[in-house]
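A closer look at the structure
Now for the letters of each chain:
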Protein chains: 2
Amino acid sequence: MKQARPLIVRALSNETVERPPVWFMRQAGRYLPEYRALRAEHSFLTMCHSPELAAEVTLQPLRRYPFDAGIVFSDILLPLECMGAELEYVPGTGPIIRNPVRTAADVAALKPFDPLRDLPSPMETIRICTQEADVPILGFAGAPFTMACYMIDGQGSRNWPETKRMMFGQPKVFQALLDRLADAVGDHLQAQVDAGAVGVQLFDTWAGALSPDDFRRWALPASRRALARVSGAPRMFFTKDSAPFLPWLKALEADAYALDWRVDIGAARKLLGDVAVQGNMDPMALHAPHDEIRRRVRKIIAAAGPKGHIFNLGHGLTPDIDPQAVGVAVDEVCGWSWS
Amino acid sequence: MKQARPLIVRALSNETVERPPVWFMRQAGRYLPEYRALRAEHSFLTMCHSPELAAEVTLQPLRRYPFDAGIVFSDILLPLECMGAELEYVPGTGPIIRNPVRTAADVAALKPFDPLRDLPSPMETIRICTQEADVPILGFAGAPFTMACYMIDGQGSRNWPETKRMMFGQPKVFQALLDRLADAVGDHLQAQVDAGAVGVQLFDTWAGALSPDDFRRWALPASRRALARVSGAPRMFFTKDSAPFLPWLKALEADAYALDWRVDIGAARKLLGDVAVQGNMDPMALHAPHDEIRRRVRKIIAAAGPKGHIFNLGHGLTPDIDPQAVGVAVDEVCGWSWS
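Residues numbered from 1 in each chain as written. Chains lettered and ligands numbered in written order. Predicted model: local features only at pLDDT ≥ 70, side-chain atom pairs only at ≥ 80, totals over all residues.

Let's shift gears to the overall build of chain A. A count of helical and extended segments in chain A gives 15 helices and 9 strands. A sequence separation of at least 24 residues applies to 73% of the contacts in chain A between residues at least 6 apart. (Helix = DSSP H or I, 4+ residues; strand = E, 2+ residues; numbered from the N terminus. Contact = placed C-beta atoms within 7 Å.)

What links the strands of a sheet is backbone hydrogen bonding, and the strands pair in either a parallel or an antiparallel sense. All names here are of chain A. With respect to topology, 7 strands assemble into an open sheet ordered β1-β4-β5-β6-β7-β8-β9, the strand pairing being parallel. On the outer flanks of this sheet lie β1 (70-71) and β9 (309-313), each paired with one strand and no other. In the packing of helix α11 (residues 171-194) onto the sheet, the strands contacted are β4 (137-142) and β5 (199-203), and the crossing angle to β4 comes to about 170 degrees. Together, β7 (256-258) and β8 (276-281) form the strand contacts of helix α13 (residues 265-272), whose direction differs from that of β8 by roughly 155 degrees. (Pairing = 2+ DSSP bridges. Axes fitted to C-alpha atoms, helices over the stretch in contact; angles between N-to-C directions.)

Of the transformation superimposing chain B on chain A, the axial component is 0.0 Å and the angular component is 180 degrees, with the fit at an RMSD of 0.0 Å. Those values place the two copies in the arrangement expected of a two-fold rotation axis. Minimal C-alpha separation from the rotation axis in chain B is found for Ala243(B), amounting to 3.1 Å. Taken together, the interface assignments show that 100% of the residues at the interface of chain B recur at the interface of chain A, consistent with an identical surface on both copies. (Least-squares fit on C-alpha atoms with pLDDT ≥ 70 in both.)

Here the focus is the interface of chain B and chain A. Of the residues lining the interface, 25 residues belong to chain B; the matching set on chain A comes to 25 residues. With 5 residues, helix α10 (residues 161-169) of chain B is the largest single contributor of residues to the side of chain B that touches chain A. Each residue belonging to the side of chain B that touches chain A can be placed in one class, and the counts come to 11 nonpolar, 6 polar and 8 charged. (Nonpolar A, V, L, I, M, F, W, Y, C, P; charged D, E, K, R; others polar.)

Residues and elements named next belong to chain A. Within the secondary structure, Glu332 sits in helix α15 (residues 323-334). Separated by 153 residues in the primary sequence, Glu332 and Asp179 place their C-alpha atoms 42 Å from one another. In this view, Glu332 contacts Arg294, Val297 and Arg298; residues no more than four positions away in its chain are not counted.

Within the secondary structure, His290(B) is located in helix α14 (residues 290-304). A C-alpha to C-alpha distance of 6.7 Å links His290(B) and Val328(B), two positions 38 residues apart in sequence.

Attention shifts here to the sheet that holds strand β5 (residues 199-203) of chain B. Residues and elements named next belong to chain B. Here we have 7 strands laid out as an open sheet, ordered β1-β4-β5-β6-β7-β8-β9, and parallel in their pairing. On the outer flanks of this sheet lie β1 (70-71) and β9 (309-313), each paired with one strand and no other. Both strand β8 (residues 276-281) and β9 contribute to a ladder of 5 bridges, which runs parallel. Directly across from Val277, in β9, lies its bridge partner His309. Seen against the sheet, helix α13 (residues 265-272) touches β7 (256-258) and β8 and runs at an angle of roughly 155 degrees to β8.

Let us now look at unusual backbone geometry. Residue and element names in this part refer to chain A. For the peptide bond that leads from Gly279 to Asn280, omega is -10 degrees, which places it in the cis range. Structurally, Asn280 can be placed in strand β8. One non-glycine residue, Arg26, adopts positive backbone phi at about 60 degrees. Counting through the fold element by element, Arg26 comes out in the loop between α1 (7-12) and α2 (33-39). By the C-beta count within 10 Å, which is 18 here, Arg26 ends up partly exposed. (Buried ≥ 20, exposed ≤ 12 C-beta atoms within 10 Å, placed from the backbone.)

In structure tokens:
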């Protein structure tokens, strides 16, 4: 039996809660031996596109830990494939797009994206997991700027030179691409809400490569456009390197802001206004001795306060993390009481 | 004939100047064909350790552009070699240390570092360049935290897991290593000043991997200790991801703060107090059309104001940059007039 209004929904709605709900970015992933066992048999893309496999991976961490939500196993780049990108995951390199977008003609040639027709697996995975799990399921998508980075540079990069070359040199083409991507990922989030996701997170992982001016001109309005297409569930916005952008994030009109670990979560709330926040432990702090993990968990909860805080890491769990350390952190959150 | 008080020294001393002086991090490097020609004949470490070659590389950009300073061609990791690190530059991977520091015994086994005895080449390079160049020469070193990252993890990393494992799990060992490194790099900076460097920059490139609490506990006091050993020339402090740390940087008591491009330089000055600032153009903006480069240069100068501003990039020049674009940016700075 599920609660009518689960803890995570109440916290995402900026209500005062008895303890922060907890989930971890990449809680379904390579740090778990049971994930690696499944991954040894199937390619990453096969797992993403098979609802039964994706549901199994989504449920794996929920069997181990008392997380307050699952997050659908999927990948932010899948919609790009549907729009025409020749996407491949190269071991050791990560995602590669063989036909990067560089011109106005490339943008015009992108296919329209209808999530239910073109990418049904995340929604089906959400349906399966909502039935099978004791906790609600979250959906997600990549933010337009971050998606554009991969689409233009064609692979992960520290500096995203081709993306910036287009942004500075062909601003109209870049804007047209952001608009296309904003509508695509907005529709993708809405489809996940319609399939039963109780909340959705937009990941602007690489927006931190931008100067404050460029963030406000490009990444922010594009994410705002994507989020504005979504209703019916709280919408979270994440960016790494969030510190420089805190004074402007509220213009996104998200329901919750997910912070990386390079900001004090209490100080960040003052800049964000009266809105829910998520975060923000250094994922590498899971390498600390267990009592130090617990101390850091408590410090973050105390700094965030009892209203509208969802405990999470400041970035995704990495494969080198000991599953036992994850259990210690989750246990400490679940043992907290504001009353 | 050199001026008694060069423009860069006046700006570093936080004086009001007629236009900002300009130099670029990694202005001597792979974006220049004449650098690549020399590099084709010599290994990177050979070039660093040969004052004649290092001087030639230091002087190359000064022949092309009216930079207001040269910066000695060297590498932040060289003192680690003197302290016992088995350092190697692996093409495509970057620096590798074959015997990373992981225990108290490893720290205790580090050799004392006497820059004049163990690493004379940067000082000799500074002497040669000070004679040959029409502009003054700057020195530099890596900050203790950033040096510790390489020493412990043994190679470049996004997350520095082993460094953080030691920091969280063996805080006394980590502190002992930071102390050793602080004294070593402080002495290295002083030796460069004594050799004729008119200013020195401490690069805490990876301090941005730390939470604000951890930055204040570890990286900041260690850099403060290093800078406190240096007198006789202005001392600059650089960190990437500087935004979260701006409220605390003044505790370093540096003479100038070099900012990355993810902060507004005018807003940063308000947090830093009455001290010189350096920066802060996005290096990737050098991929922009030339008129857009000029517009961005002017915007940064106007935001920084006439007092104590040294124009620079927010991070090092990358090999993909067109040398002509560098010329355009430098020309725009040199054409500015505050009067």
